[in-house]
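# Architecture and fold: a report
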Amino acid sequence: MLQEESDLALIIAQIVQKLKGSNLYTQLERQAWASLQRPEIKLESLKEDIKEFFKISGWEKKLQNAVYSELSVFPLPSHPAAPPEHLKEPLVYMRKAQGSWERRILKSLNSMCTELSIPLARKRPVGEQKELLNKWNEMGTDEPVLDLSLFRPVYAPKDFLEVLINLRNPNYENGDSHSFRTHLGLIQVPLKVKDIPELKEFFVELGLTAGQLGVDDSTQVPPELFENEHVRIGQKVLSEQDSAAAQQYIRQGSPTALRAELWALILNISSQPEDILYYEQLKTNVIQHDLLVDSLIYKDVKLTASNDDYYFVFEDYLYQVLLCFSRDTSVLGHFAYSSASPPKSYIRGKLGLEEYAVFYPPNGVIPFHGFSMYVAPLCFLYHEPSKLYQIFREMYVRFFFRLHSISSHPSGIVSLCLLFETLLQTYLPQLFYHLREIGAQPLRISFKWMVRAFSGYLATDQLLLLWDRILGYNSLEILAVLAAAVFAFRAVNLMEVTSLAAAEAVLADLSTLKVMPLLQIFLFATVT
C-alpha cells in the first residue's frame, strides 16, 4: 500500500513538473490573477473560490485533459532508484540491441553522406530560400535540387525484421529448454503477450453484442438503432470537451463527421495562436537550412505516398509536415520513455567533444522507407497544415515511434510480432505449420503491415476505423490481432499455396477488407 502511494506521489510530482513548463500553466496563472478582480472571489475563501471559478469557466476541464494526456504516455512506475536507462527500457539485452541497430543506421547515413559528398546540413543561399518559400504549397510539382536517384532509404522494414529475428535473451541461451512456440516462430524472445481470453477482456467493447461503426452501418440493421444514437452521444462528448470520455467513446468507432475533433480532443490538441506560430518557426527553419534527411523525406514520399491511389493528392502536405517534423526539437522529449536515443553529430573538427555535439536531425528521428505513410491518412481529416502537423506529432510520440524501435513494451514492435505469431500458432496451428514448412513464415508477410500500422494497405475508411481503436484503447496491440485475423480470413487459400511468393500473392491486396467484422469474428466468434 505504501509503495502504491509512493508511486502515485512520484507520478503526480513528475506530471506537475511537466505541466509547469507548458503554455497551459501560464494561462492558468494568468486566469487566476485575473479572477482576483471578480466580486465573487473572497479573501477568506480564496482557494475554494478560484477552484470554483476554474470549474465554471472550463479551465478545470482543460487541466484535467492535460493531466489525462500526460498519463497516456507516462512510463510505467518503477523503483525510485532505477537509473534513467531503466525507464527507457528495463531489459538490458533490448537496450543493447537497440543501440547496435542505431549504430547501423548511423553508419548507413554517414556512408551515404561520404559517397555523395553532401554535408549533413547547410544554410541555403538567399535565392534558394526565396524559391522554396514561393513554392512551399506546391512542393510536389517541384524537383528537388539534388538528384533523388542518388539516395537510398537508410533502411526498410525487411531490414529491421532481420534484426528482430536475431534478437535473443542471453539468459535463455545456455542449455535452457525452449518452448514449442519459440522453435516455430521467428521471434525468439520470452515476452509476456496476451492470449485470446485476455484480448477479449481488453477489447470488450468490440464484442458481438456491442454496436460498432464499421459493422452495423453496413448491415441490414436500420441506422437509427445504433449510428444515429452514437452520433448524438459523440456530439455530447465533444460539447463536454472531456478527453477521457472521448477515448472511451471512440472504442466503438467515430462518426466520419466527428472524427477530426474527437482525435484532437483525445490527443489534447487545441490549435492555439502560439501553436500556429511554432509551426511557422519550424517552417522558417526548413526555408533557411537544408538537411540531408530532407532528401530522404523527398525520396520516401516519391516511393510511397505519391504512388498510392488514396494519398498522392496530399504530396504537398506530406513534404510540409515531414520537413517541419525533422526540425522540431520538442520531439526529443519522447526519448525519455523510448528505448531509442537521438543520434548525435559534431561540428567539423570537434568529433567526440560533447560541448560541440548536436542532435541530428534536430528531432532525433531518422526517416525510413514508408515513414511518410504515418502522416498520409491524417491528411483526410485535417486540411490546416499546423493542425495536421500537431496531430501527427502527437500520434508519433504516443504510438508510431514504438513501431520502429526495439523494446519490451506491450505495444512495441517486438511484442506485436510475438503476439501475432502466438495467435496464429495457438489458434490456427495447421495454417501456421503449413506456411512454415513451405518457407513462408507468416511474419515475413505481415511485418510490413504492422510496422506501418496498416497505412497504405487498407482502404482509408477502414484504416481510420482501425486507428480509432488504437486511440480508444491507447494500444497498438490491435495491429497484431488484425494481422492474425487477415490470415484466418484467407486461411483456405493459404493452405493451398506452395511458396512464399504464392502466399504473398494471396495477401497482396487488403484494400477490400472490412476491418471490424474481421476483428470481431477472429476474437469473439471463430476462436475459442
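Small disclaimer: the values here were computed from a predicted structure and weren't measured.

## Some points on the overall build of the protein chain
- A count of helical and extended segments in the protein chain gives 25 helices and 4 strands.
- The contacts of the protein chain with a sequence gap of at least 6 include a subset with a gap of at least 24, amounting to 77%.
- Of the roughly 25100 Å² of accessible surface on the protein chain, a fraction of 56% belongs to carbon and sulfur atoms.

## Concerning a nonpolar patch on the surface
- Taken together, the side chains of Trp 33, Leu 36 and Leu 46 define a hydrophobic patch exposed on the protein surface, amounting to about 310 Å² of accessible area.
- With respect to the secondary-structure elements, Leu 46 resides in helix H3 (residues 46-57).

## What about helix H22 (residues 477-489)?
- With 13 residues, H22 extends 19 Å between its outermost C-alpha atoms, agreeing within 8% with the 18 Å of an ideal straight helix rising 1.5 Å per residue.
- For H22, the buried fraction is high: 11 of the 13 residues fall into the buried class.
- Along H22, the residues that are buried comprise Glu 477, Ile 478, Leu 479, Ala 480, Val 481, Leu 482, Ala 483, Ala 484, Ala 485, Val 486 and Phe 487.

## A short note on the packing of aromatic side chains
- Under the defined criterion, the tally for this structure stands at 29 aromatic pairs.
- Consider the rings of Phe 371 and Phe 392, whose centres lie 6.4 Å apart with planes at 90°: the pair is edge-to-face. Highlighted residues: Phe 371 in the loop between strand E4 (357-359) and helix H17 (385-398) and Phe 392 in helix H17, separated in sequence by 21 residues.
- Of the residues examined, Phe 371 reaches a relative accessible area of 3% and is grouped as buried.

## Quick look at the packing of helix H16 (residues 315-327) against H17
- Interhelical geometry of H16 versus H17 gives an angle of 55° and a closest axis separation of 10 Å. Viewed along their axes, H16 and H17 adopt a mutual orientation that is oblique. As H16 runs across H17, the sense of the crossing is right-handed. Here Tyr 317, Gln 320, Val 321, Leu 322, Cys 324 and Phe 325 of H16 lie close against H17, whose contacting residues are Pro 385, Leu 388, Tyr 389, Phe 392, Arg 393 and Tyr 396.
- Tallied by class, residues from the contact of H16 with H17 come to 10 nonpolar, 1 polar and 1 charged.

## Observations regarding the side chain of Lys 283
- Looking at the secondary structure, you find Lys 283 in helix H14 (residues 273-288).
- In this structure, Lys 283 is buried with no salt-bridge partner, the nearest side chain bearing the opposite charge being Glu 280 at 4.1 Å.
- What Lys 283 contacts, discounting residues up to four positions off in sequence, is Leu 133, Trp 136 and Cys 324.

## Let's talk about the pattern of salt bridges
- Taken as a whole and judged by the stated rule, the model has 19 salt bridges.
- Taking the shortest distance from any N to any O, the salt bridge between Glu 128 and Arg 122 comes out at 2.9 Å.
- For Arg 122, a relative accessible area of 26% puts it in the partly exposed group.
- One connected set of salt bridges, linked through shared partners, spans Arg 122, Arg 124, Glu 128, Asp 290, Asp 294 and Arg 327.

## Structural notes on the nonpolar core
- Core analysis: the largest hydrophobic core is formed by 154 residues, its most contacted members being Phe 392 and Ile 413.
- The element that contributes the greatest number of residues to this core is H22, accounting for 10 residues.
- Setting aside its immediate chain neighbours within four residues, Phe 392 contacts Val 321, Leu 322, Phe 325, Phe 371, Tyr 374, Val 375, Leu 378 and Phe 400.
- With 11 residues, the next largest nonpolar core counts Leu 24, Leu 28, Ala 32 and Phe 54 among its residues.

## As for H17
- Helix length check: H17 (14 residues) gives 20 Å between terminal C-alpha atoms against 20 Å at 1.5 Å per residue, within 8%.
- By the criterion of burial, H17 is predominantly enclosed, with 12 of the 14 residues buried.
- All of the buried residues in H17 are Ser 386, Leu 388, Tyr 389, Gln 390, Ile 391, Phe 392, Arg 393, Glu 394, Met 395, Tyr 396, Val 397 and Arg 398.

## Considering the confidence of the model for the protein chain
- Per-residue confidence for the protein chain gives a mean pLDDT of 86; residues scoring 70 or more make up 88%.
- Across the protein chain, H22 holds the top mean pLDDT of 97, while helix H9 (residues 180-184) sits lowest at 54.

## Notes on the side chain of Ser 338
- Position of Ser 338 among the secondary structure elements: in the loop between H16 and strand E3 (344-346).
- The residues contacting Ser 338, other than those within four sequence positions of it, are Lys 88, Phe 401 and Ser 405.

## Considerations on the packing of helix H18 (residues 413-427) against helix H20 (residues 442-451)
- Where H18 contacts H20, the two axes come as close as 11 Å, and the packing angle between them is 135°. Considering their axes alone, H18 and H20 lie oblique with respect to each other. In this structure, H18 crosses over H20, and the sense of that crossing is right-handed. Contacts from Ile 413, Leu 416, Cys 417, Phe 420, Glu 421 and Leu 424 of H18 reach H20 at Pro 442, Leu 443, Ser 446, Phe 447, Met 450 and Val 451.
- Of the residues in the contact of H18 with H20, the class split is 10 nonpolar, 1 polar and 1 charged.

## Here we look at the environment of Pro 517
- Inspection of the secondary structure assignment puts Pro 517 in helix H25 (residues 515-526).
- For the pair Pro 517 and Leu 206, spaced 311 residues apart in sequence, the C-alpha to C-alpha distance is 9.6 Å.
- Those residues in contact with Pro 517, other than ones at most four positions away along the chain, are Gly 214 and Val 215.

## Examining the environment of Leu 428
- Take Leu 428: it is sitting in the loop between H18 and helix H19 (429-437).
- Residues Leu 428 and Ala 484, spaced 56 residues apart in sequence, show a C-alpha to C-alpha distance of 9.2 Å.
- Discounting residues that sit within four places of it in the chain, Leu 428 has contacts with Leu 423, Ala 484, Ala 488 and Phe 522.

Each value, and the rule that gives it
Residues numbered from 1 in each chain as written. Predicted model: local features only at pLDDT ≥ 70, side-chain atom pairs only at ≥ 80, totals over all residues. Heavy atoms only, no water. Helix = DSSP H or I, 4+ residues; strand = E, 2+ residues; numbered from the N terminus. Contact = heavy atoms within 4.5 Å. Areas by Shrake-Rupley, 256 points an atom, 1.4 Å probe, with all protein chains shown as cover. Patch = residues over 30% accessible without salt bridge, like charges linked within 9 Å, V, L, I, M, F, W, Y side chains within 5 Å. Salt bridge = Lys/Arg side-chain N within 4 Å of Asp/Glu carboxyl O. Expected span 1.5 Å × (residues − 1). Buried < 20%, exposed > 50% of the residue type's maximum accessible area, 1.4 Å probe, protein only. Phe/Tyr/Trp six-rings, centres within 6.5 Å; stacked < 30°, edge-to-face > 60°. Axes fitted to C-alpha atoms, helices over the stretch in contact; angles between N-to-C directions. Parallel < 35°, antiparallel > 145°, perpendicular 65-115°, else oblique. Left-handed = near helix turned anticlockwise from the far one by under 90°. Nonpolar A, V, L, I, M, F, W, Y, C, P; charged D, E, K, R; others polar. Lys, Arg positive; Asp, Glu negative; His and termini not counted. Core = buried A, V, L, I, M, F, W, Y, C linked by side-chain atoms within 4.5 Å. pLDDT = per-residue confidence, 0-100.

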